[in-house]
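Chain and residue survey
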Amino acid sequence: MCGIVGYVGNREATTIIIEGLRRLEYRGYDSAGIAVVDGGKTGIRRAVGKLRNLDKVLSEQPLAGTIGIGHTRWATHGRPSEQNAHPHEVEGITVVHNGIIENYLELRRALSAQGRKFKSETDTEIIAHLVASNVAKGLSLVPAVRATIEAIRGAFAFVIQSEHEPDKLVTAKNATPIVVGLGEGENFVASDIPACLAHTRVFVFLRDGDFAVLTRSGVEITTFDGTPVPVKPKRIDWSPVMAEKGGHKHFMHKEIYEQPTAVADTIRGRVSMEEARVHLDGVSIGDAQKLNRFIITACGTSYHAALVGKFMIESIARIPVEVDLASELRYREPVIDEQTGVLAISQSGETLDTLAAIKECRTRGATIFAICNVLESSIARECAESGGVLYTHAGPEIGVASTKAFTTQLVALYLIAIHLGRERGTLSKEDAQELLTHLREVPKQIESVLSREASIISIARRVAKARDFLYLGRGPNYPIALEGALKLKEISYIHAEGYAAGEMKHGPIALIDEKMPTIGIATAGPVYEKTVSNLEEVKARDGKLIIIATEGDARIAEIADDVFLVPKNDPLIDPIITVVPLQLIAYHIADLNGTDVDQPRNLAKSVTVE
Ligand code: G6P
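Residues numbered from 1 in each chain as written. Predicted model: local features only at pLDDT ≥ 70, side-chain atom pairs only at ≥ 80, totals over all residues. Heavy atoms only, no water.

Concerning the packing of aromatic side chains
Counted under the stated rule, the structure contains six aromatic pairs. For the ring pair Phe156 and Phe224, a centre distance of 5.9 Å and an interplane angle of 25° mean the geometry is stacked. Here the residue Phe156 occupies a position in strand E7 (residues 154–162), and Phe224 occupies one in the loop between strand E13 (219–223) and strand E14 (234–235), the gap between them amounting to 68 residues. Phe224 sits in the partly exposed class, given a relative accessible area of 21%. Both rings, one in Phe294 and one in Phe369, keep their centres 6.1 Å apart while their planes meet at 45°; by these two values the pair is tilted. With a gap of 75 residues between them, Phe294 in strand E17 (residues 293–298) and Phe369 in strand E20 (residues 367–372) connect regions that are remote in the sequence. The same class applies to Phe294 and to Phe369, which are both buried. Taken together, Phe156, Phe158 and Phe224 form an aromatic cluster joined through their ring pairs. Positioned above the aromatic ring of Phe118, the side-chain terminus of Arg108 is 4.5 Å from the ring centre. Above the plane of the ring of Phe211 lies Arg146, whose end atom (NZ or CZ) is 4.1 Å from the centre. (Phe/Tyr/Trp six-rings, centres within 6.5 Å; stacked < 30°, edge-to-face > 60°. Helix = DSSP H or I, 4+ residues; strand = E, 2+ residues; numbered from the N terminus. Buried < 20%, exposed > 50% of the residue type's maximum accessible area, 1.4 Å probe, protein only. Lys NZ or Arg CZ within 6 Å of the ring centre and 35° of its normal.)

Put into structure tokens, the structure is as follows:
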């Protein structure tokens, strides 16, 4: 949460920082601010709300200078207000920060006792005061920041500049992400890669405990206490256009349309049809015979992918799988041994609860694996030192509501299930070839769904004003009902509940009336008949029914008010396709209601707080 950008070079810092913040706005949009040093003086502009408010302030009061820092905020300590917006400035020292300083109250008390006055309610202002008081004692910026790090506890990634030493930016990382972008005569620092992609593709990913000093001519990395750390740059193959809307009204819409490519990219190079084998680059499931249990852990949409993964792995590899919300797993003293594999799923690779959960499991002896979309992210790194990481190749996902990351996570899970099945001998060569053939059909089948977007828009128009929705599914499509409901509520603010269709009679059926639309997923497969019976129960109570069914299903139209047909595939692959019309329904309902689809209220894409 919160996006940070810093620039030191010879170009106008404001333009570069504001463009960078625009790419990071998904991380928070409660307020935004920028500080630029020019001629030994710091200029600061801040505004509550989205970045466009800051744009307005800057157009009236521009800032010139070639070194600066910027921030887009997701409020934790202190409500969204101009006073609480970053950067925070104390005696010429300015700070932008992402994270939470846990001992800020005691530090604030101590600093107040020394006569220091606070202008905001944030924990971040503590950092500015500590650095300023160290500078006042005669330290130069770098040692002043090092001494500050010794005093603070908690999660932080910050960038600090000083008008007294206007040639450098100082940054440090503990538990929240920070990347350094390397340029020619200029350098960048940011919370995430897209912020600097327009200027460089060469990045250094700071590790926890790293401290970096950026000047125009170079970047020096040490540990917090000053031991040199070798600079190991990596080239990123994401292109700047991947972080643009490309003619779509919203990033979410663009990302829904990128799914055929993202799915194909995630399969590419990992499947050998002849041998019916899956190569999980970077992941060593170890001795698959020895692993007798998996725990999959994640948050949000990634948690729904985990729920589908349970069906895939149990059915194909016959290994019991538990799925646990990371925020629950980390605190419930899980029963784990060396034969337990723990798989984390995370688009960003930075979700704090997921990271903490796998660390906890690793301490208890588990081998930990990850499915991640962001290279070198914290979760990816943690797992690289244990079981390994399988990267989804979805490209940057900017829309806060996850779409292409989800479908590629499902593909990754399916690949893992087949790999395990082959290794453990629960899946024959012929069956594996058949499953892999079905998997390869997915990109085309998603394209076929997308080509019929017009009929989804008509459905969305008919139900856009409803205040409550029920989503029903069974088997692997039960998590898709949950995901469909989550998509709708997060971007349209309409109440929606996902339910296992068979459970409906134990409660939600009481809600059904002619005003409440129910979206049912009833594709061909072992639970088709049962699902249809549950949907009939909705119909019998005058409920409005929208049903996602399989092409060729002539019967379903008899009970449904609206039907959307998807191409036939293996029931375990179905969720990768059935979720797409649900993403589009949510998108169009939200768009028709005029909500901010890419940046829904109160949410952030990367949740690096508990
Ligand atoms: C936030 C995002 C969701 C995402 C979840 C988990 O809530 O808004 O879209 O599913 O975090 O994020 P992760 O990066 O771990 O998949």
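A look at the site of the ligand
Around the ligand lies a shell of 13 residues, among which Ser302, Ser346, Gln347, Ser348 and Thr351 are the nearest. Take Ser302: an N or O atom from its side chain is 2.6 Å from an oxygen atom of the ligand. Between an oxygen atom of the ligand and a side-chain N or O atom of Ser348, the distance comes to 2.6 Å. For the ligand, the protein covers 90% of the area, taking 380 Å² as the surface of the free molecule. Judged by the fraction of its atoms near the pocket grid, the ligand is located in the largest pocket. Here the element with the most residues in the shell around the ligand is helix H8 (residues 300–317); it accounts for three residues. Of the residues in the shell around the ligand, the class split is four nonpolar, eight polar and one charged. (Near = heavy atom within 4 Å. Polar contact = N/O pair within 3.5 Å; in protein donor to acceptor, adjacent residues only side chain to side chain. Areas by Shrake-Rupley, 256 points an atom, 1.4 Å probe, with all protein chains shown as cover. 1 Å grid on protein atoms, 1.4 Å probe; cavity = no way out; pocket = protein on both sides within 12 Å on 5 of 7 lines; lining within 4 Å. Sits in = over half its atoms within 2 Å of the grid points. Nonpolar A, V, L, I, M, F, W, Y, C, P; charged D, E, K, R; others polar.)

Looking at the pairing of strand E12 (residues 210–214)
Of all the five residues making up E12, five are buried; the element is thus mostly covered by neighbouring parts of the structure. A two-sided burial pattern is seen for E12, the buried positions comprising Asp210, Ala212 and Leu214 on one face and Phe211 and Val213 on the other. Looking at chain direction, strand E8 (residues 169–174) and E12 are connected through five bridges and run antiparallel. Opposite Lys173, over in E12, you have Asp210 as the bridge partner. Where E12 lies against E13, five bridges are found, and the strand directions are antiparallel. Pairing of Phe211 across the sheet is with Thr222, part of E13. (Pairing = 2+ DSSP bridges.)

Comments concerning the domain arrangement of the protein chain
When its domains are assigned, the protein chain resolves into domain 1 (3–244), domain 2 (253–440) and domain 3 (447–592). Relative placement of domain 1 and domain 3: their C-alpha centres are 45 Å apart. (Domains from an automatic or database assignment.)

A short note on the side chain of Asn569
Here Asn569 shows up in the loop between strand E26 (562–566) and helix H17 (574–592). Engagement of the side chain of Asn569 in a polar contact is seen with the backbone oxygen of His438, the distance being 3.2 Å. Polar side-chain contacts of Asn569 include one of 2.8 Å to the side chain of Gln445. When residues no more than four places from it in sequence are discounted, the contact partners of Asn569 are His438, Glu441, Val442, Gln445, Asp574 and Ile577. (Contact = heavy atoms within 4.5 Å.)

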